[in-house]
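Listed here are the chains, written in short residue letters.
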Amino acid sequence: MPRAEGPTAMSRGRFARFISAGAAFALAAAVFAFDTFSGYESAIAVLYALVLVLGAVAGGRLFVLAAAIVCGSLAIVSFLATHVGAIDAGNTGRLLVALVAIALTAALLLSRLSLHQTRSALADSEQNLRIMADTVPQILWQALPDGRIVYLSRRWTQMTGAPIADGLAADGLAFLDWFHPEERSTAIEQWTELIREGEPFEFYRRLRVADGSYRWLQLSASPLRAETGEIVKWAGVATDIDEEMRAQLAVRATNQTLEARVAERTAELARSERRYRSAFEQSHVAMLELDITGVAEALADARVAGNGDGTGYLMAHPEEFDRCVGALRMLDANRAAVQLFGARDREALLARKGRLMRSRTREDIDRYYALVERRETIEAEAELPVMDGRVVKVLFGVSQIAAPDGRCHALVGMVDVTARDRAQELLLAAQEELARANRAATLGALSASIAHELNQPIGAVMMDAQTAARWLERDPPDLGSAKRALARVAGNAERASGILRRTREQLVKGRRAVAPLDLGEVVRSAVALVDRELKGGRTQAEVRVAPGLPPVEADRIELQQVILNLVVNAVQAMCDTPVGERVVTIDVAGGERGVTVEIEDRGSGIDPEHINRLFDAFFTTKPGGMGIGLQICRATIESFGGTLDVRNNETAGATFSFTLPAHDGGDVR
Ligand code: ADP
């Protein structure tokens with residue numbers, strides 16, 4: 001049991017020293033007593049040398065030295081005490097021999113003790129070194145000049161779990177088997193190479209440790225050389241740097257990832273910048289990049305100066321607004337912008353002085369605030385003074401874009417709408433032209449219709465005038481009949497003049513005599529006017545007016561013309577109808593939508609192929625027809641807010657019907 005042995009060994013040593021010291025004292029005392037008091041001439045003092053030997057066992061060098069001095073002194077004291085007055089060569093010689101013996105013994109003992117001390121110090125230091133070598137957290141090793149390992153500290157076993165002998169096997173090269181398989185061959189090569197070079201070195205390898213995992217080691221070594229310069233051995237240290245190495249590798253990997261990311265991001269940014277640039281440059285929309293930092297500052301200043309109401313302040317201080325807008329810098333412009341501004345080239349445009357927009361309304365200022373402070377995208381129309389002196393109307397949009405160093409940049413897109421506006425104007429002009437042409441066409445049609453419409457009353461006038469003449473030529477003249485005929489003449493002449501008046505009025509922009517009318521009465525008066533046509537067509541007209549109808553609002557003459565047209569058409573449609581069946585029925589009745597007039601005949605009816613074209617201008621199926629009557633009728637009815645339609649009857653003929661909205665209030669004319 002080593003633990004129990006320690007203290008026992010120690011106390012045993014101490015006991016031996018104690019006995020030796022006692023023996024030394026006893027012996028010294030005995031020799032002194034014998035030498036001094038025995039009176040016996042002898043060289044007993046030589047025995048003091050034994051005292052020294054015992055002293056050497058009991059104590060160290062000091063004890064020996066002290067014992068030598070004490071013993072020498074005792075020998076001299078004894079000599080003087082016993083030989084006073086009888087000193088001779090013999091006793092003096094014995095004293096000297098004793099003293100020499102003491103001195104020699106002391107010298108021998110001292111030198112031996114010193115040798116012993118050195119030895120034990122060496123052993124201690126070797127022991128210490130070994131302890132140190134085994135305690136340091138590194139593997140210490142030594143190798144022969146050719147690199148074969150001959151010593152490994154105990155740390156080897158702690159790390160690898162293998163006995164030291166295993167590491168030293170294979171003639172001192174087995175340790176290489178513990179390196180990572182991927183690095184083993186290069187490790188052997190490198191080891192051989194480094195050893196051959198003979199310089200201090202460091203190298204890094206992974207070593208298989210007790211749990212089977214691999215840990216990074218830093219192996220550093222220095223050659224120990226003899227005075228001749230020849231390498232005697234290698235001394236080295238293997239340090240476990242796994243954590244640091246892994247941390248470093250992780251940092252390196254992170255760095256690489258970071259670098260890759262940075263590179264990727266940079267490339268991406270470059271790509272998007274290129275995309276942006278090319279979109280900017282290639283766009284057909286005029287684009288400007290502006291630095292509006294100064295504007296933002298000036299607007300903020302104005303807000304402070306205006307106690308929060310920057311717009312109000314700038315409205316009151318136009319020079320401040322000018323300063324604010326003047327702080328705007330044009331940084332870039334695309335080709336379309338150069339063209340829009342009528343600039344020579346991009347540089348000329350960028351060097352352009354002066355305001356971008358002309359107006360400085362409250363709205364403009366608000367827009368600036370919206371753009372700069374609320375980062376809103378603003379869109380508006382503005383007049384842009386361009387470089388050749390023209391003013392171009394543009395539709396523009398502005399939004400803030402990312403800018404470096406905390407500056408404010410804005411991208412402006414502008415479309416020249418002058419052309420669009422001009423096109424709009426042209427369109428309006430064309431429309432007006434068209435309307436005029438339409439009017440002209442209508443007038444043409446009207447003139448045709450005048451002839452058409454006057455034809456009937458003038459024919460009637462002529463007939464009635466001839467009739468009146470005949471009545472007067474009679475003997476005796478039939479004055480009554482002549483009077484009635486002349487009254488009809490007057491009526492038809494009045495209608496003809498009405499037609500002419502209305503036409504003239506239409507020609508001078510169609511002022512009509514629109515008034516609330518009793519539609520039943522208008523129908524009756526119109527039917528009276530076509531009396532001649534009815535008779536000529538041997539047609540009966542039946543007028544049925546529902547009682548209590550509301551008035552309608554229209555021009556009397558125009559309405560008469562419509563009814564007249566429709567009745568004459570009905571008569572004409574019945575030319576092939578047996579005479580007894582030629583009846584035109586005119587119904588005037590009220591309904592939800594107003595007052596409706598239906599003119600029903602028993603004629604040919606309308607060919608389904610024609611029904612959609614009936615109201616087109618110049619559509620006619622009659623040999624001498626003009627085909628404008630129905631068109632005018634529909635236009636007239638519609639102009640009073642009504643509708644005019646046609647349908648074929650179930651049995652025979654067709655029914656034309658028109659409805660006019662009821663007029664509420666007002667006197668009926
Ligand atoms: P026009 O009488 O000069 O032909 P309108 O515009 O008055 O011109 O009529 C156009 C055409 O409509 C006529 O040619 C005829 O074919 C058809 N039409 C008009 N009224 C009737 C009707 N009551 N019955 C059958 N066809 C009709």
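Here, residues in each chain are numbered from 1, in the same order as that chain's written sequence. This being a predicted model, a pLDDT of at least 70 is required before a residue's local features are given, and a value of 80 or more before pairs of side-chain atoms are given or counted; all residues contribute to the totals for chains, interfaces and linings. Values shown for side chains rest on all heavy atoms present in the structure; no hydrogens or waters enter the calculation.

*Asks:* Even after reading the chapter, I still don't get the overall build of the protein chain, so can you show me in this structure?
*Replies:* Helix numbering and strand numbering both begin at the N terminus, where a helix is a DSSP run of H or I of at least 4 residues and a strand a DSSP run of E of at least 2. In terms of regular secondary structure, the protein chain is built from 20 helices and 17 strands. Rg of the C-alpha trace for the protein chain: 70 Å, well past the compact-globule value of 26 Å for 669 residues, more than 25% over. Structurally, the protein chain occupies a C-alpha span of about 240 × 65 × 55 Å along its principal axes. In this scheme, a residue with accessible area under 20% of its type's maximum is buried, one over 50% is exposed, and one in between is partly exposed, where area comes from a 1.4 Å probe on protein chains only. Expressed as a percentage of its 669 residues, the buried residues of the protein chain come to 37%. The contact definition used throughout considers only heavy atoms, calling two residues in contact when any of these lie within 4.5 Å. Sequence separation of at least 24 residues holds for 61% of the intrachain contacts in the protein chain that already meet a minimum separation of 6. Per-residue and other accessible areas were derived by the Shrake-Rupley procedure at a 1.4 Å probe size, with only the shown protein chains allowed to occlude residues. Carbon together with sulfur atoms contributes 57% to the accessible area of the protein chain, which is approximately 38300 Å² in total. For the purpose of counting charges, residues Lys and Arg are taken to be positive, whereas Asp and Glu are taken to be negative. His and the chain ends are not included. Where a charge lies is defined by one atom per residue type, namely NZ (Lys), CZ (Arg), CG (Asp) and CD (Glu). Here the protein chain contributes 76 positive and 86 negative side-chain charges, whose respective centroids are spaced 1 Å apart. Atoms counted for the radius of gyration: C-alpha only. Globule rule: 2.2 Å times the number of residues to the power 0.38.

*Asks:* Before we go on, may I ask you to explain the packing of helix H2 (residues 48-58) against helix H3 (residues 61-83) in this structure?
*Replies:* To characterise two packed helices, one gives the angle between the axes of the helices and the distance between these axes. Angular values range over 0 to 180 degrees, each being the angle between N-to-C directions of two axes fitted as lines to C-alpha atoms, with helices fitted over their stretch in contact. The contact between H2 and H3 brings their axes to 9 Å, and the two run at 160°. By the angle between their axes, H2 is roughly antiparallel relative to H3. As H2 packs across H3, the resulting crossing turns out to be right-handed. Counted together, Tyr 48, Val 51, Leu 52, Gly 55 and Ala 56 of H2 and Phe 63, Val 64, Ala 67, Ala 68, Cys 71, Leu 74 and Ala 75 of H3 form the full contact between these two elements. For this scheme, ten residues count as nonpolar: Ala, Val, Leu, Ile, Met, Phe, Trp, Tyr, Cys and Pro. Four count as charged, namely Asp, Glu, Lys and Arg, and the remainder, Gly too, count as polar. Across the contact of H2 with H3, the residue classes tally to 11 nonpolar, 1 polar and no charged. Note that the term roughly parallel is reserved for angles under 35 degrees, roughly antiparallel for angles over 145, roughly perpendicular for angles of 65 to 115, and oblique for everything else. Left-handed is the label given to a crossing in which the near helix is rotated counterclockwise from the far helix by less than a right angle, and right-handed is the label when the rotation is clockwise.

*Asks:* How should the sheet that holds strand S2 (residues 149-152) be read in this particular structure?
*Replies:* Strand pairing is defined by DSSP finding a minimum of two bridges between the two strands. Pairing within the open sheet is antiparallel, and its 5 strands lie in the order S2-S1-S5-S4-S3. At either end of the open sheet lies a strand with only one pairing partner, and these are S2 and strand S3 (201-208). Geometrically, the sheet is characterised by an average inter-axis angle of 25° between neighbouring strands, direction not taken into account. Where strand S1 (residues 139-143) and strand S5 (residues 231-240) come together, 5 bridges link them in antiparallel fashion.

*Asks:* Even after reading the chapter, I still don't get the packing of aromatic side chains, so can you show me in this structure?
*Replies:* Ring pairs (aromatic) are described by centroid distance and by the angle formed between their planes. What counts as a ring pair is set by centres within 6.5 Å for rings of Phe, Tyr and Trp (its six-membered ring), and what kind of pair is set by the plane angle: stacked under 30 degrees, edge-to-face over 60, tilted for all other angles. The tally for this structure, following the rule as stated, stands at 11 aromatic pairs. Considering the side-chain rings of Trp 156 and Trp 178, the 5.1 Å spacing of their centres and the 70° angle between planes classify their relative orientation as edge-to-face. Taken together, the residues span a long stretch of sequence, with Trp 156 in helix H5 (residues 155-160) and Trp 178 in the loop between helix H6 (164-172) and helix H7 (181-197) at a distance of 22 residues. Looking at Trp 156, the relative accessible area reads 3%, which means it is buried. With a centroid separation of 6.0 Å and 40° between ring planes, the pair formed by Trp 191 and Phe 203 is classed as tilted. Taken together, the residues span a long stretch of sequence, with Trp 191 in helix H7 and Phe 203 in strand S3 at a distance of 12 residues. Looking at Trp 191, the relative accessible area reads 3%, which means it is buried. A network of ring pairs unites the aromatic residues Trp 141, Phe 175, Phe 179, Trp 191, Phe 201, Phe 203 and Trp 234 as a single cluster.

*Asks:* Just checking my understanding: could you explain the site of the ligand for this structure?
*Replies:* Summary of the distance rule: residues count as near a molecule or strand when at least one heavy atom falls within 4 Å of that molecule or strand. Surveying the vicinity of the ligand reveals 19 residues, the closest of which are Asp 601, Thr 620, Thr 621, Lys 622 and Leu 630. Throughout this description, a polar contact denotes any pair of N or O atoms lying within 3.5 Å of each other; where both atoms belong to protein, one of them has to be capable of donating a hydrogen while the other can accept it, and for residues adjacent in sequence the pair is counted only when both atoms sit in side chains. Asp 601 places a side-chain nitrogen or oxygen 2.8 Å from a nitrogen atom of the ligand. The backbone of Gly 629 places a nitrogen or oxygen atom 3.3 Å from an oxygen atom of the ligand. Mapped by element, the contributors of at least two residues to the shell around the ligand are helix H19 (556-573) and helix H20 (629-639). Ranked by residue count, the leading element in the shell around the ligand is H19, at 3 residues.

*Asks:* Explain H20 to me, please; I cannot follow it from the model alone.
*Replies:* Note that an α-helix has 3.6 residues per turn; residues three or four places apart therefore point the same way. All buried positions along H20 are accounted for by Gly 629, Leu 630, Ile 632, Cys 633, Thr 636 and Ile 637. Projection of H20 onto a plane perpendicular to its axis shows the buried side chains occupying an angular sector of 160°, all on one side. Just downstream of H20 lies Gly 641, where phi reads positive at about 85°. Throughout, the arc means the angular range of directions from the helix axis out to the C-beta atoms.

*Asks:* What exactly am I supposed to notice about empty space enclosed by the protein here?
*Replies:* Over the atoms, a rolled probe matching the size of one water molecule traces out where space is still vacant. Each cavity reported here is a set of points on a 1 Å grid over the protein atoms alone in which a 1.4 Å probe fits but cannot get out, each pocket an open set with protein on both sides within 12 Å along at least five of seven lines, and each lining residue one with an atom within 4 Å of a point. Grid points are joined across faces, edges and corners, and a volume is the space filled by probe spheres set on the points. Inspection of the entire model under this criterion finds 2 cavities of 30 Å³ or more. Taken as a whole, the second largest cavity encloses approximately 100 Å³ of empty space. Looking at the second largest cavity, the residues that line it are Ile 139, Trp 141, Ile 149, Leu 152, Trp 156, Phe 175, Phe 179, Leu 207, Leu 217, Leu 219 and Ala 238. Among the secondary structure elements, those contributing two or more residues to the lining of the second largest cavity are S1, S2 and strand S4 (214-225). Taken together, the residues of the lining of the second largest cavity break down into 11 nonpolar, no polar and no charged.

*Asks:* Is there a simple way to think about a nonpolar patch on the surface in this case?
*Replies:* Candidate patch residues must exceed 30% relative accessible area and have no salt bridge, after which like charges are joined if within 9 Å and Val, Leu, Ile, Met, Phe, Trp or Tyr side chains if within 5 Å. Note on definitions: salt bridges are taken to be side-chain nitrogens of Lys or Arg within 4 Å of carboxyl oxygens of Asp or Glu. A grouping of Ile 76, Leu 80, Val 84 and Ile 87 is seen on the molecular surface, where their side chains present a nonpolar patch of about 370 Å² in accessible area. Following the sequence through the fold, Leu 80 ends up in helix H3.

*Asks:* What should I look at first to understand the nonpolar core in this one?
*Replies:* General note: in soluble globular proteins, nonpolar side chains tend to be found buried as a group. With 42 residues, the main nonpolar core has Leu 288, Ile 292, Leu 299, Leu 349, Phe 396 and Met 414 as its most contacted residues. Aside from chain neighbours lying at most four places away, what touches Leu 299 is Leu 314, Cys 324, Tyr 368, Tyr 369 and Val 372. Take the buried Ala, Val, Leu, Ile, Met, Phe, Trp, Tyr and Cys residues and link them wherever side-chain atoms come within 4.5 Å; each set so joined is a nonpolar core. Core analysis: the next-biggest nonpolar cluster, separate from the first, contains 41 residues, Leu 517, Ala 570, Val 584 and Val 588 among them.

*Asks:* Whenever I open this one, helix H11 (residues 318-326) confuses me. Can you help?
*Replies:* Those residues of H11 lying buried are Phe 321, Cys 324 and Val 325. Looking down the long axis of H11, one finds its buried residues gathered within 95° of arc, a one-sided arrangement. On the buried face of H11, the contacting elements are helix H9 (293-305), helix H10 (310-316) and helix H14 (362-373).

*Asks:* Where do I start with the pattern of salt bridges in this structure?
*Replies:* Under the criterion given, the structure shown has 23 salt bridges. A salt bridge links Asp 134 to Arg 154; its shortest N-O distance comes to 3.5 Å. Within this pair, whereas Asp 134 is found in helix H4 (residues 89-135), its partner Arg 154 is found in the loop between S2 and H5, the two being separated by 20 residues in sequence. By relative accessible area, Asp 134 is classed as buried at 19%. We note a salt bridge from Arg 647 to Glu 598, for which the minimum N-O separation is 3.3 Å. You can see Arg 647 sitting in strand S16 (residues 643-648) and its partner Glu 598 sitting in strand S15 (residues 594-600), a full 49 residues away along the chain. With a relative accessible area of 40%, Arg 647 lands in the partly exposed category. It is possible to trace a salt-bridge network through shared partners that takes in Arg 215, Asp 240, Asp 242, Glu 243 and Arg 246.

*Asks:* What should I look at first to understand the pairing of strand S8 (residues 378-385) in this one?
*Replies:* Two faces belong to every sheet, and in a regular strand the side chains alternate between them. Covered by surrounding structure in S8 are Ile 378, Ala 380, Ala 382 and Leu 384 only, the residues Glu 379, Glu 381, Glu 383 and Pro 385 on the alternate face being uncovered. Two successive antiparallel strands, S8 and strand S9 (residues 391-401), enclose a turn made up of 5 residues, where Gly 389 displays a positive phi of approximately 90°.

*Asks:* I'm lost on the environment of Glu 609 in this one. Help?
*Replies:* Residue placement: Glu 609 occurs in the loop between S15 and H20. With 513 residues separating them in the primary sequence, Glu 609 and Leu 96 have C-alpha atoms 176 Å apart.

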